[in-house]
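Structural overview
Chain by chain, the residues:
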Amino acid sequence: MLIDVINDLEFEGGADLLLHALPMANALATFKRRAKSHRIPVIYVNDNFGRWRSDFAKLVAHCLEPDVRGGPIVKLLRPDEDDYFILKPKHSAFFQTNLEILLGYLGVTTLVLAGIAGDICVLFSANDAYMRDFALYVPEDCVAANTPEETSYALSQMHKVLKADIRDSAEIDLANITGIETARRRQPRRSAGC
């Protein structure tokens, strides 16, 4: 799950977040390619930024406009056609969304959470995932907050309290993550025709 990575960062503190989120986005782009090579479903979970008529394609297009602060991150993490997208109204990916239904359909029992801000939306989503008995990975190089201290604190809490595996993304053996086999079977396949 890529949390709030489609983001213009045009808010107070956005420049600080960009400073830490850009290296995270590079690591996450590599990790996403690895996950897709294992046919692991990728789900973007994004704020609606108070726009209840939000359109994901329009949000991506807006973030890719010239001079948009978050553009470099969105360029690295642009969604693919086969990726899923969930719009969230608040901090948690689970609160008032259809995420739980999608995860059930995919047969997922393990989640890999990544994105921004590590100490807010990633942490809230991890809390809700833990309460729903999902096994958690939160790769330390694939989350960012406004400061390294905030990121470190959030990761330590997710590891200590939520039993999240927070090792570096390059160290995660994607072929052996629990629950992925079922998700692969449920992943839609491209057809040659209609």
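Okay, the overall build of the protein chain next. When you go through the protein chain residue by residue, the secondary structure sums to seven helices and seven strands. Seen in sequence order, the protein chain has helices and strands lined up from the N terminus as β-α-β-α-α-β-α-β-β-α-β-β-α-α. Taking all 194 residues of the protein chain together, the buried fraction comes to 49%. Put simply, 80% of the contacts in the protein chain that link residues at least 6 apart link residues at least 24 apart. Accessible surface computed for the protein chain: about 9900 Å², of which carbon and sulfur atoms make up 53%.

Our focus in this paragraph is the confidence of the model for the protein chain. Taken as a whole, the protein chain shows an average pLDDT of 88; of its residues, 88% reach a score of 70 or greater. In the model, residues 179-187 has pLDDT below 50 throughout and makes 22 contacts with residues more than four positions away in sequence or in other chains. Contacts of residues 189-194 to residues separated by more than four positions or lying in other chains number four contacts, the stretch itself having pLDDT below 50.

This model, assessed by the stated rule, comprises two cavities of 30 Å³ or more. In this structure, the largest cavity occupies an estimated 270 Å³ of space. Lining the largest cavity are 21 residues; nearest its centre among them are Met1, Ile40, Pro41, Val42 and Val112. Counting residues per element, the ones that place at least two in the lining of the largest cavity are helix 1 (14-37), helix 4 (99-106), strand 4 (110-112) and helix 7 (180-186). Split into classes, the residues belonging to the lining of the largest cavity amount to 19 nonpolar, one polar and one charged.

Here the focus is unusual backbone geometry. In this structure, the amide linkage connecting Ile116 to the following residue, Ala117, adopts the cis form with an omega of -15°. Within the fold, Ala117 resides in the loop between strand 5 (114-116) and helix 5 (118-131). For Leu9, which is not a glycine, the phi torsion comes out positive at approximately 55°. A relative accessible area of 0% means that Leu9 is categorised as buried.

Residues Leu99, Leu102, Leu103 and Leu106 constitute the buried set of helix 4. Looking straight down helix 4, one finds that the buried residues subtend no more than 100° of arc, so they occupy a single side. Among the exposed residues of helix 4, those oriented more than 90 degrees off its buried face are Ile101 and Gly104.

In the structure shown here, the tally under the stated rule is three aromatic pairs. Where Tyr44 meets Phe56, the ring centres are 6.0 Å apart and the plane angle is 50°; that geometry is what we call tilted. Linking Tyr44 in strand 2 (residues 43-47) with Phe56 in helix 2 (residues 56-63), this pair joins segments that are 12 residues apart in sequence. These aromatic residues form a ring-pair network of at least three members: Tyr44, Phe56 and Phe85.

Attention shifts here to the pattern of salt bridges. Under the counting rule described, the total for this entry stands at nine salt bridges. One salt bridge connects Lys88 with Asp4, and the closest N-O pair in it is separated by 3.1 Å. With Lys88 in strand 3 (residues 84-88) and Asp4 in the loop between strand 1 (2-3) and helix 1, this pair connects stretches of sequence that are 84 residues apart. Each member of the pair, Lys88 as well as Asp4, carries the same accessibility label: buried.

This part takes up the environment of Phe85. Within the fold, Phe85 resides in strand 3. Taking the C-alpha atoms as reference points, Phe85 and Val42, separated by 43 residues in sequence, lie 8.6 Å from one another. Other than its neighbours up to four places away in sequence, Phe85 contacts Tyr44, Asn46 and Phe56.

Definitions and cut-offs
Residues numbered from 1 in each chain as written. Predicted model: local features only at pLDDT ≥ 70, side-chain atom pairs only at ≥ 80, totals over all residues. Heavy atoms only, no water. Helix = DSSP H or I, 4+ residues; strand = E, 2+ residues; numbered from the N terminus. Buried < 20%, exposed > 50% of the residue type's maximum accessible area, 1.4 Å probe, protein only. Contact = heavy atoms within 4.5 Å. Areas by Shrake-Rupley, 256 points an atom, 1.4 Å probe, with all protein chains shown as cover. pLDDT = per-residue confidence, 0-100. 1 Å grid on protein atoms, 1.4 Å probe; cavity = no way out; pocket = protein on both sides within 12 Å on 5 of 7 lines; lining within 4 Å. Points joined across faces, edges and corners; volume = space filled by probe spheres on them. Nonpolar A, V, L, I, M, F, W, Y, C, P; charged D, E, K, R; others polar. Arc of directions from axis to C-beta. Phe/Tyr/Trp six-rings, centres within 6.5 Å; stacked < 30°, edge-to-face > 60°. Salt bridge = Lys/Arg side-chain N within 4 Å of Asp/Glu carboxyl O.

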